[in-house]
Protein chains: 2
Amino acid sequence: MKKLLCIAVAAGIGLSAHAFADRLQTELIKPIEPAVITDPEKVELGKKLWFEPRLSMSGFISCNSCHNLSTGGSDNLPTSIGHNWAEGPINSPTVLNSSLNVAQFWDGRAANLQEQAGGPIANPLEMASSHVLAVDVINSIPQYREEFAKVYGTSEVTIENITDAIAVFEETLVTPNSRFDLWLKGDDDAITEQELAGYNTFKSIGCVACHNGPNAGGTSFQRMGVVEPYQTTNPAEGRVAVTGKDADRFNFKVPTLRNVELTYPYFHDGAYWKLEDAVDVMARLQLGRELNEEEIDNVVAFLKTLTGEQPEITLPILPPSTNDTPRPQPFGAN
Amino acid sequence: MKKLLCIAVAAGIGLSAHAFADRLQTELIKPIEPAVITDPEKVELGKKLWFEPRLSMSGFISCNSCHNLSTGGSDNLPTSIGHNWAEGPINSPTVLNSSLNVAQFWDGRAANLQEQAGGPIANPLEMASSHVLAVDVINSIPQYREEFAKVYGTSEVTIENITDAIAVFEETLVTPNSRFDLWLKGDDDAITEQELAGYNTFKSIGCVACHNGPNAGGTSFQRMGVVEPYQTTNPAEGRVAVTGKDADRFNFKVPTLRNVELTYPYFHDGAYWKLEDAVDVMARLQLGRELNEEEIDNVVAFLKTLTGEQPEITLPILPPSTNDTPRPQPFGAN
């Protein structure tokens, strides 16, 4: 009732549009915009490669195995399962909105999505193939060669083109129109009073200092455990592995909070399953703040407004192997 | 040119429609008809469960892992990869058109798709969950309870309802309008002269005696190796495991030939990757016939006309776990 009155009053005195514009300017989290697709054939090719298990040595693991588009672009496991059931070293970050990150991987060792895409294919703990083998597999399949010819002007498949197509597909995996974004754009009714209270706590205690921009994160590297050290058995050292600077030890890329209700468990070690716990830990370790239960519940309620429209994906039909296609080796050479 | 003339003549004397009707009656392979969906909400729920990795203990393996709808409803591996990278005992049959089979599994131990669906969930070498755990997981998720309430009139999730919904989704996974079916329905131009020659060989040497019906197979159990024994290291004994009758030893359900170009490698042990080899082996072992290269190529060309329209699947967005959802245990208890 109060809200309705305010809108009526604002509209009456012509302030409404101005107030909405202000929110877009003043708030540090920015809306996610829908993907603009300029080359649909490249996106389609990238989508096939995204779901392509033959990019792995076993013929079983695809990009989508660990960044499942049915489950928030993540695998909802503490660390991922790789070739031969290898236990991955770190939590798989969501692919959703990943194009909005300053860099890729928790330590930012890949400058962009294309560079990232080459990593898991050749990582023995992940897809366990090699760039040479991956290219041989794709090159052996005439339908793929035709598609590469159309999209890249040459039927010679290269790892650069494979990873480029995957990256271009990934750029389409954005989640616009979350309730929070609708609120940012002026729809006061898009979030509840509790959610707004949670957002205000999120801002006032300082979460937004790192979780900002369109991805509510992904803009910087920060130390995990600023006020108190973070206890973990995970050996990952963070950004120091890239820069070699001791100051970067235990610095990780700030993860996005977009769709965070879908991307449990949390942190680089995937040690926390409950969003309430993750909020509590972050407030204490990063900000030295002890939130009470109501504050935590409010922040969690706010975080759930960051769930956007999930990409609508039609499962690709992959072209069959030929007699010349290198065969998968799930259980060693056969 | 000759073909055009024949059609013109046939049409001219009014025999055309009659000839087409005859083909539907006289040929032993029958067309696949499109799915008729009477309960779209149940199909949608079944699709979610089909892609649901939380039905496995690891949270990583779904029905689609081994019956991948991007790759002919199969995994294109000799035998499947299960929990903890277990090597499966037998080749995963395609889910496509499986509702048209007389029974499910290679030995027919499941009478229907619903009965089949319960198997892999609780098989320690496959999804390694249990029916109790699977029900607990789904029951812990409010969106699932709501969907079950809508579809089954009760929000109490049971394993019977889970497997029923999966089976109803699977019934939609048919592949109509293959070029061969268009030919069966009267389109002479739908297949080439080589493909027709291959079909004639397929009939004349007796393949069609077992590979008949709409699924070009799936209608009976037959001995693998009638004229000569089949050499394999795979220990599967076939239908005797179900009936206990020694006469059923090494009898297996005749696999469908629908979409066979997509469902390599072949036979219950997945030992043959090339369709040419599979045709050669079948002709020799089952029929005592030595086909020459041209005959084999023709039969293979015919078999590729059995690839139908693949189901168009929009990837489901799965509802998130709650704090009460049993957690996946990919690497043992945690």
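Please read these numbers as outputs of a predicted model, since none were measured by experiment.

Definitions and cut-offs
- Residues numbered from 1 in each chain as written.
- Chains lettered and ligands numbered in written order.
- Predicted model: local features only at pLDDT ≥ 70, side-chain atom pairs only at ≥ 80, totals over all residues.
- Heavy atoms only, no water.
- Helix = DSSP H or I, 4+ residues; strand = E, 2+ residues; numbered from the N terminus.
- Rg over C-alpha atoms; globule rule 2.2 N^0.38 Å.
- Contact = heavy atoms within 4.5 Å.
- Lys, Arg positive; Asp, Glu negative; His and termini not counted.
- Charge placed at Lys NZ, Arg CZ, Asp CG, Glu CD.
- Polar contact = N/O pair within 3.5 Å; in protein donor to acceptor, adjacent residues only side chain to side chain.
- Salt bridge = Lys/Arg side-chain N within 4 Å of Asp/Glu carboxyl O.
- Buried < 20%, exposed > 50% of the residue type's maximum accessible area, 1.4 Å probe, protein only.
- 1 Å grid on protein atoms, 1.4 Å probe; cavity = no way out; pocket = protein on both sides within 12 Å on 5 of 7 lines; lining within 4 Å.
- Points joined across faces, edges and corners; volume = space filled by probe spheres on them.
- Nonpolar A, V, L, I, M, F, W, Y, C, P; charged D, E, K, R; others polar.
- Least-squares fit on C-alpha atoms with pLDDT ≥ 70 in both.
- pLDDT = per-residue confidence, 0-100.
- UniProt positions renumbered as here; feature names shortened; annotations may be inferred.

S.K.: Would you explain the overall build of chain A in this entry?
M.R.: Scanning chain A for helices and strands turns up 13 helices and 4 strands. By the compact-globule yardstick of 20 Å for 334 residues, chain A fits well, its C-alpha radius of gyration being 22 Å. Once the C-alpha set of chain A is aligned to its principal axes, its extents read approximately 70 × 45 × 30 Å. When contacts within chain A are restricted to residue pairs at least 6 apart in sequence, those whose partners lie at least 24 apart make up 70%. One way to put it: in chain A the 25 positive side-chain charges average out to a point 2 Å from where the 43 negative ones average out.

S.K.: So what exactly am I meant to see when it comes to the side chain of Thr-325 of chain B here?
M.R.: Residues and elements named next belong to chain B. Inspection of the secondary structure assignment puts Thr-325 in the segment after helix 13 (293-304). Within the local environment of Thr-325, its side chain forms a polar contact with the side chain of Ser-140, the two groups lying 2.7 Å apart. Excluding its chain neighbours within four sequence positions, the residues that come into contact with Thr-325 are Val-137, Ser-140 and Ile-141.

S.K.: Even after reading the chapter, I still don't get the pattern of salt bridges, so can you show me in this structure?
M.R.: Opposite charge on two side chains lets them pair, provided their charged atoms get close. Counted under the stated rule, the structure contains 26 salt bridges over all chains. Residue Glu-195 of chain B pairs with Arg-179 of chain B through a salt bridge whose shortest N-O separation is 2.8 Å. Residue Glu-195 of chain B is found in helix 10 (residues 193-204), and its partner Arg-179 of chain B is found in helix 9 (residues 179-184); the two are separated by 16 residues along the sequence. On the basis of relative accessible area, Glu-195 of chain B is assigned to the buried category, the value being 9%. The class of Arg-179 of chain B is partly exposed, set by a relative accessible area of 34%. Salt bridges here are not isolated pairs; linked through shared partners, they connect Glu-237, Asp-246 and Arg-249 of chain A.

S.K.: Just to check I follow, could you spell out empty space enclosed by the protein for this structure?
M.R.: All names here are of chain A. In this structure the tally under the stated criterion is 3 cavities of 30 Å³ or more. If you add up the space inside the largest cavity, you get close to 80 Å³. Lining the largest cavity, in full, are Arg-54, Ser-56, Met-57, Gly-59, Leu-133, Val-137, Pro-326, Arg-327, Pro-328 and Gln-329. Its residues assigned to classes, the lining of the largest cavity shows 5 nonpolar, 3 polar and 2 charged.

S.K.: How do you make sense of the relation of the copies chain B and chain A when you look at a structure like this?
M.R.: Mapping between the two chain copies consists of a rotation about an axis together with a translation along that axis. Superposition record for chain B on chain A: RMSD 0.0 Å, screw rotation 180°, translation along axis 0.0 Å. Here the symmetry operator amounts to a two-fold rotation axis. The rotation axis passes nearest to the C-alpha of Thr-314 of chain B in chain B, at a distance of 2.2 Å. Comparing interface residues between copies, 100% of those in chain B also sit at the interface in chain A, which points to an isologous, same-surface contact.

S.K.: Would you mind showing me how to read the confidence of the model for chain A here?
M.R.: Low-pLDDT stretches of the model should not have their predicted coordinates read in fine detail. Mean pLDDT for chain A: 94, with 93% of residues reaching 70 or above. Low pLDDT (under 50) marks residues 1-15 of chain A, which in the prediction has 7 contacts with non-local residues, meaning those over four places away or in another chain.

S.K.: Where do I start with the UniProt feature "domain: Cytochrome c" (unreviewed entry) in chain A in this structure?
M.R.: Those residues carrying the UniProt feature "domain: Cytochrome c" (unreviewed entry) are residues 193-307 of chain A in this numbering. Annotated as residues 193-307 of chain A, this span is 35% helix and 5% strand, and its ends, taken at the C-alpha atoms, are 17 Å apart.

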